[in-house]
Structures are given as structure tokens and as C-alpha cells.
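Structural characterization, general
Here is how the chains run, residue by residue.
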Amino acid sequence: MSTHSRHIQLMDTTLRDGEQTQGVAFTPMEKVSIAKALLQFLRVDRIEVASARVSEGEKEAVSLINQWAQQEGFAERVEVLGFVDHTRSVDWIKSTGGRVINLLAKGSEKHCREQLGKTLEQHSIDVLQTIGYAHEQGLKINVYLEDWSNGYKDSRDYVYGLMERLQPAPISHFMLPDTLGVMSPDEVFASFSDMCQRYPALQFDFHPHNDYGLATANVMAAVRAGVSAVHCTVNCLGERAGNASIAEVAVVLRDKMSMELSVDESHLVRISEMVENFSGKRVAANAPIVGADVFTQTAGIHADGDQKGGLYKTKLGPERFSRIRSYALGKMSGKASLKKNLEQLELDLSEEDQKKVLARIVSIGDSKQTITTDDLPFIIADVLESKSYQHIKLLACSINSGLDLPSTVSIRVDVKGEKHQTTGAGSGGFDAFIDAIGKVLQHYDYTLPTLADYEIRIPKGGHTSALTECVITWDCGNELRKTRGVHVNQVFAGILATIKLINIQLHEMANSLEA
Ligand SMILES: [Zn+2]
């Protein structure tokens, strides 16, 4: 049964296991937004949203999610972790309007004996008592066999014994976790094959963790062995190294195993961004599918292949995830990368000029790691000694800053050939500069967009005398725009990045007037 195509359920536990990540706490409204996005847009089969009896805030969030899910017909797809406590977890879940309990039973003999001080027989009686009550209350029941991976390794007899006792109970899914992320794909395949063959009438879920970086590979092994559902989280959120990534799991099961899934892949990146914002846990730029750099080609030969009709095409194309491919400019880039970027900027350069620009990009790329598309007009302007992009020039700038004193600035600028001199004040040097430049730009019907992000860094291993690089992200209404400034003084790096943005935007304003 194992290898043929079948439907695999994805159960997302970002809101329960994912929230157990250190430093992550979602507000009730954030939880509701994530739950809606998971069920309505990403269309996962089931979500686990909380642990029962945790807090009042949790209760409010679960109630709101259940209310919404009921209206949308998703009620049975919202699950809550509950404990072997007879009536308490069940009552808590019922009071939030919940319909499904994921009951946490002990999957290892050691836990049962040492944590609970109980025998298999005693623990089974307790579990069945809670199941009996949950059933009476009309809840749908799934059971976790906590720490099953270690339990199975240490004492299979305990695991089989527990299964024999629970098997006749009204349990929809037996959820087998690799709680500490200790299994390898071979071990997952062997143990799940055994479980699935021993209990062919039961539905098994696999709940992986990523401590060895094997979560996705382990999911493949479990699916090959016959499980019917897999647990994962958005952005691998979860304790320690986290859970399996829903984005990775979804594409791997489709592309590598031809499994049928309900998930709508075009929403994977958007929900990843939402969870990134709400959790405050940044996604690595090279994270598969959802990372910022994943669809950036740095090597010129790959851009050349794209130019010549998709020679480097893979199934993981950016369009599939509502993203676009970008072409990095740096020392690895070639003519084709430059062409692609020029196309995006709608710039047309002669072959001769392209060569000059490319040589400059390569030389800058030797010392600087990131050259953005927004830098390109400046490199071009610089290289070709064209005045067309020099709408604004900072001629002089002096900043006074002191501890416990407001900063003041005095600037001289050239805007479109007109010289201006003015002063500004603010809470810091950069703020004072923004005040001053704002006064000048008033005369040109131009206002600076607001800051979305402001990052300062120095090269790795740099000294106090190193260049600082300031990358500012500007919220330009319908798009985010990044500009970079480089200077030994970090305030001036920020000022240069600001001047760059003004330059680009004044240029665009001039162009749109002409057109
Ligand atoms: Zn877990």
C-alpha cells in the first residue's frame, strides 16, 4: 500500500507546538489570524491550536478560533491538546466550543514508570477513563503516545501493550511523536512499517522534530511506511530545532512521492511571512521555499541559462509560490544577470556600457556582499559619468551630538542645480538630518517615505575603523524599497542611503512628468 499515491493529511501545530518555541507568544488576535490563514487559504486538513488549561488568554484565543471555525464548517478540524485528567481538559475544551481533543498519553514505559509512578495497566485505565468522558461529551478523540520514539526503542512490549488496551476505544488518530527528534529515516520506516502492519485498521499520524535536521526526510520514510497524516509547523517553529517545515513537507510529498495534499502552495510564502512577523523569529534567508534569497540567482551562468530558455529550471519555480526570481549583482554575476536587472529597471544600455558597468559590479562585489537592484542606477551613473541620476548632491554636512542633548545638523545640498543651506534638529544625528533635508525638499513637492527597517552592520571581523553599511527599507506605499549607504561613520551611512532613495525618486518623478 505504501508507495502508491494517496491523500496525506497535514496537521499544522504552529499554534500549539510552535508556540512552545522559546520567546514566542502569540496574542489571541494573532492566533486567530494564523488559524484562519491555515484553514481558509493554505487549506491544511487540521490544526492544533493550544494546550488545554494553560491560561485565560489561551482560552479567549481558542474560543474565538472555534467560533469562526463553526461558522465556516471547519469545527472538526480544530484540535486542542488535552491531558489524562479525567474531566478537566475535556471540560476546558468544551467550554471553548472545541470539538476535538488530542490526548497526551505516555508512549514510553520509562515516562510512565518514572514520571507517573504507574504501571502500564494503571496508566491505561486512566487514559481510558478520560477517553470515556470525552466520548460521552461528544468530543472527537486523537491520542498522542508521548516520547513514542524512545519508548518504541526501549520497550516495544509497553507500546504494544498500550495499543492493545486502547485499540477498542473510539480513537480517530494514533499520533506517534519523535518527541526529541532522535530518529533516522531508516528507523522511522522500520518502526512505522511495524506499527502500520500490526494495526492495519488504525490511522497513524507522525509527529517529527528536527534535532538532527532529518524531520523532512523522516516524514518521507513515515509516509512510505503507511502513515495517514503528518504534523508540521510554519517556519519549523517549535522547541529546540523545531518541527518539520510545512513548506518543505508539502513540496516534498508532492514532488518526490506523488502524494495528494489539500494544501494550496501559493499561500506558503505569505503565511510564512505572517508567522515570521507575529513570532518575531526571522526566517533564514536560505530557508528552502520561503527564504528571501531562495529565488535569487547569484551565478551568472544560471541567469544565462534562464535567458536561453530555462536551462536551469526545476519544479521549484518561484511562480509556484507566488514569488518572482531575482538576479543578484555581485562578483559571481555575469552579463545575463545584469541584463535581467536592466530589464526589470527598463534600462537599455549599449554592449560597451554594459561591459563597463559589469566590471564595476565585479570590483564592488569583491569587497561588498550585497548589491541591490536599486544600487544599479548609481553604479551606472557613476561608471558612465552620466549626470542623469544626480538630482541631489550632499555638498556638506556637519552634525552635533551630545549625551542628553538634542542633535543639530547643518547641511548644504544641490538639488537639480540649485544650492540650499539649512539646519535641522532632532533626537539623534539621523533624525536631525531628516528634519533638515525635509525642509529643502518641500520646495520640490517631495516627501520622504516612512522607514520600514533600518539596519547597520560592519563587515564580519571588522574593526572600529571599518566601513559601516546602512541598509534602509522604505515603505513606498505599494512597495518596499531598499537603499544602502556606506561610510566609516554610521550616521553618514544612513544619510547616504537616504540621499540614494531621494535621488531615485526624484528621477522617477522627473520621468513621469516627461511621460
Ligand atoms: Zn512536538
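If you're wondering where the values come from, they're calculated on a predicted model, not measured in any experiment.

Details of the coordination of the zinc ion
The protein atoms that coordinate the zinc ion are Asp17 (OD), His207 (NE2) and His209 (NE2), at distances spanning 1.9 to 2.2 Å. Each donor residue of the zinc ion belongs to the same chain, with the gaps between them written as D-x189-H-x1-H. Linking aspartate 17 in the loop between strand S1 (9-12) and helix H1 (28-42) with histidine 209 in the loop between strand S7 (203-207) and helix H9 (215-225), this pair joins segments that are 192 residues apart in sequence. Across the pair, histidine 209 and aspartate 17 agree in class, each one buried.

With respect to the packing of aromatic side chains
Using the criterion set out here, one finds 7 aromatic pairs in the structure. With centroids separated by 5.0 Å and ring planes inclined at 50 degrees, the aromatic side chains of tryptophan 148 and phenylalanine 192 adopt a geometry described as tilted. Of this pair, tryptophan 148 sits in helix H6 (residues 148-154) while phenylalanine 192 sits in helix H8 (residues 185-198), and the two are 44 residues apart along the sequence. Connected via pairs of aromatic rings, a cluster forms that spans Trp148, Tyr152, Phe192 and Phe206. Directly above the aromatic system of tyrosine 160 lies the positively charged group of arginine 198, at a separation of 3.7 Å from the ring centroid. Cation over ring: arginine 224 sits above phenylalanine 189, and NZ or CZ is 4.2 Å from the ring centre.

Considerations on the side chain of serine 245
Within the secondary structure layout, serine 245 lies in the loop between strand S8 (229-232) and helix H10 (246-257). Polar contacts involving the side chain of serine 245 include one to the main-chain amide nitrogen of alanine 247, which spans 3.2 Å. In this structure the side chain of serine 245 is engaged in a polar contact, spanning 3.1 Å, whose partner is the backbone nitrogen of glutamate 248. Contacts of serine 245, omitting those with residues within four sequence positions, involve Cys232, Thr233 and Cys236.

What about the packing of H1 against helix H11 (residues 268-279)?
Taken N-terminus to C-terminus, the directions of H1 and H11 make an angle of 170 degrees; their axes are 11 Å apart at the nearest point. In terms of axis orientation, H1 runs roughly antiparallel to H11. Contact with H1, carried on its side by Glu30, Ser33, Ile34, Ala37, Leu38 and Leu42, involves Leu268, Ile271, Met274, Val275 and Phe278 of H11 and no other residues of that element. Considering only residue class, the contact of H1 with H11 consists of 9 nonpolar, 1 polar and 1 charged.

Details of a nonpolar patch on the surface
Judged by side-chain polarity, Leu180, Val182 and Tyr212 come together as a nonpolar surface patch covering roughly 310 Å² of accessible area. Summarising the element assignment, tyrosine 212 is placed in the loop between S7 and H9. When its relative accessible area of 62% is taken as the criterion, tyrosine 212 is described as exposed.

What to know about the nonpolar core
The biggest cluster of nonpolar side chains holds 94 residues, and the ones touching the most others in it are Met195, Phe204 and Leu253. Here this core gets 8 residues from one element, more than from any other, and that element is H10. When residues no more than four places from it in sequence are discounted, the contact partners of phenylalanine 204 are Met163, Phe174, Leu176, Met195, Cys196, Tyr199, Val227, Ser228 and Ala229. In this structure, Val409, Leu441, Ile495 and Ile499 belong to the second largest nonpolar core, which totals 27 residues.

A few points about the pairing of strand S15 (residues 468-475)
In terms of burial, S15 is largely enclosed, as 7 of its 8 residues are buried. Where strand S14 (residues 450-457) lies against S15, 7 bridges are found, and the strand directions are antiparallel. Along S15, the bridge assignment pairs glutamate 455 with valine 471. Two elements, S15 and strand S16 (residues 480-487), share 8 bridges in a ladder whose sense is antiparallel. Bridge pairing in S16 links threonine 473 to lysine 482. Hairpin remark: S15 followed by S16, antiparallel, with 4 residues in the connecting loop; positive phi at glycine 477, about 75 degrees.

Describing the sheet that holds S16
With respect to topology, 3 strands assemble into an open sheet ordered S14-S15-S16, the strand pairing being antiparallel. On the outer flanks of this sheet lie S14 and S16, each paired with one strand and no other. Taken over all neighbouring pairs, the strand axes of this sheet differ in orientation by 20 degrees on average, direction set aside.

Calculation notes
Residues numbered from 1 in each chain as written. Predicted model: local features only at pLDDT ≥ 70, side-chain atom pairs only at ≥ 80, totals over all residues. Heavy atoms only, no water. Donors = N, O, S within 2.8 Å, 3.2 Å for Na, K, Ca; no water. Helix = DSSP H or I, 4+ residues; strand = E, 2+ residues; numbered from the N terminus. Buried < 20%, exposed > 50% of the residue type's maximum accessible area, 1.4 Å probe, protein only. Phe/Tyr/Trp six-rings, centres within 6.5 Å; stacked < 30°, edge-to-face > 60°. Lys NZ or Arg CZ within 6 Å of the ring centre and 35° of its normal. Polar contact = N/O pair within 3.5 Å; in protein donor to acceptor, adjacent residues only side chain to side chain. Contact = heavy atoms within 4.5 Å. Axes fitted to C-alpha atoms, helices over the stretch in contact; angles between N-to-C directions. Parallel < 35°, antiparallel > 145°, perpendicular 65-115°, else oblique. Nonpolar A, V, L, I, M, F, W, Y, C, P; charged D, E, K, R; others polar. Patch = residues over 30% accessible without salt bridge, like charges linked within 9 Å, V, L, I, M, F, W, Y side chains within 5 Å. Areas by Shrake-Rupley, 256 points an atom, 1.4 Å probe, with all protein chains shown as cover. Salt bridge = Lys/Arg side-chain N within 4 Å of Asp/Glu carboxyl O. Core = buried A, V, L, I, M, F, W, Y, C linked by side-chain atoms within 4.5 Å. Pairing = 2+ DSSP bridges.

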